[in-house]
Amino acid sequence: MLKSSPYDVRVLRNTIIKEESGPFSGIIWYEYTFASSQTLAESKKYKKFLHQSSKNMALKNCPIVYRVIVRPPTKRIKHWTGEIYLDTNQKLSATGRSNYVQALSDKSLRELTIS
């Protein structure tokens, strides 16, 4: 899915995990994060915004990563859907993110074509 996209050089940061929104909702998705040269560049901007050093930053420890969300078919949507966006490598809800990270996530959000 991501091999034919601009995200081909990447370092896995979190393995694929299955998430569910609640025991009775039936909403399931899979997610993982990875770092790339784009996330490293955005991480350096983020650290500069925070007035922190980015001297020893690398793909394995950069704070900004790509988050990939993939959802299986449902009764209403008969095919897999997905999205990718820049985020922190922490599991934060939208209310736990800084305005900087939320704006970065919103600006970078892309739908994934899954075939």
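See above for the structure.
Residues numbered from 1 in each chain as written. Predicted model: local features only at pLDDT ≥ 70, side-chain atom pairs only at ≥ 80, totals over all residues. Heavy atoms only, no water.

## A few points about the overall build of the protein
Regarding its fold elements, the protein presents two helices and five strands. When the helices and strands of the protein are listed from N to C terminus, the series reads β-β-α-β-β-α-β. For the protein, with 115 residues in total, the buried portion stands at 37%. For the protein, contacts bridging at least 24 residues in sequence account for 49% of all contacts bridging at least 6. Working note: accessible area of the protein is about 7,700 Å², and carbon and sulfur atoms make up 55% of it. (Helix = DSSP H or I, 4+ residues; strand = E, 2+ residues; numbered from the N terminus. Buried < 20%, exposed > 50% of the residue type's maximum accessible area, 1.4 Å probe, protein only. Contact = heavy atoms within 4.5 Å. Areas by Shrake-Rupley, 256 points an atom, 1.4 Å probe, with all protein chains shown as cover.)

## Some thoughts on the pattern of salt bridges
When their charged atoms lie close together, side chains carrying opposite charge are able to pair. Evaluation of the coordinates by the stated rule reveals four salt bridges. For aspartate 87, the salt bridge identified is with arginine 67, shortest N-O distance 2.9 Å. Here aspartate 87, found in strand 4 (residues 81-88), pairs with arginine 67, found in strand 3 (residues 64-71); they are 20 residues apart in sequence, far enough to count as distant. Taking relative accessible area as the criterion, aspartate 87 reaches 1% and is therefore assigned buried. (Salt bridge = Lys/Arg side-chain N within 4 Å of Asp/Glu carboxyl O.)

## A short note on the side chain of glutamate 31
Positionally, glutamate 31 belongs in strand 2 (residues 28-35). For glutamate 31, the side chain forms a polar contact with the side chain of tryptophan 29, separated by 3.2 Å. Ignoring any residue separated from it by four or fewer positions in sequence, one finds glutamate 31 in contact with Thr15, Ile16, Ile17, Glu19, Arg67, Val68, Ile69 and Lys91. (Polar contact = N/O pair within 3.5 Å; in protein donor to acceptor, adjacent residues only side chain to side chain.)

Purely geometric numbers; function is a separate question.
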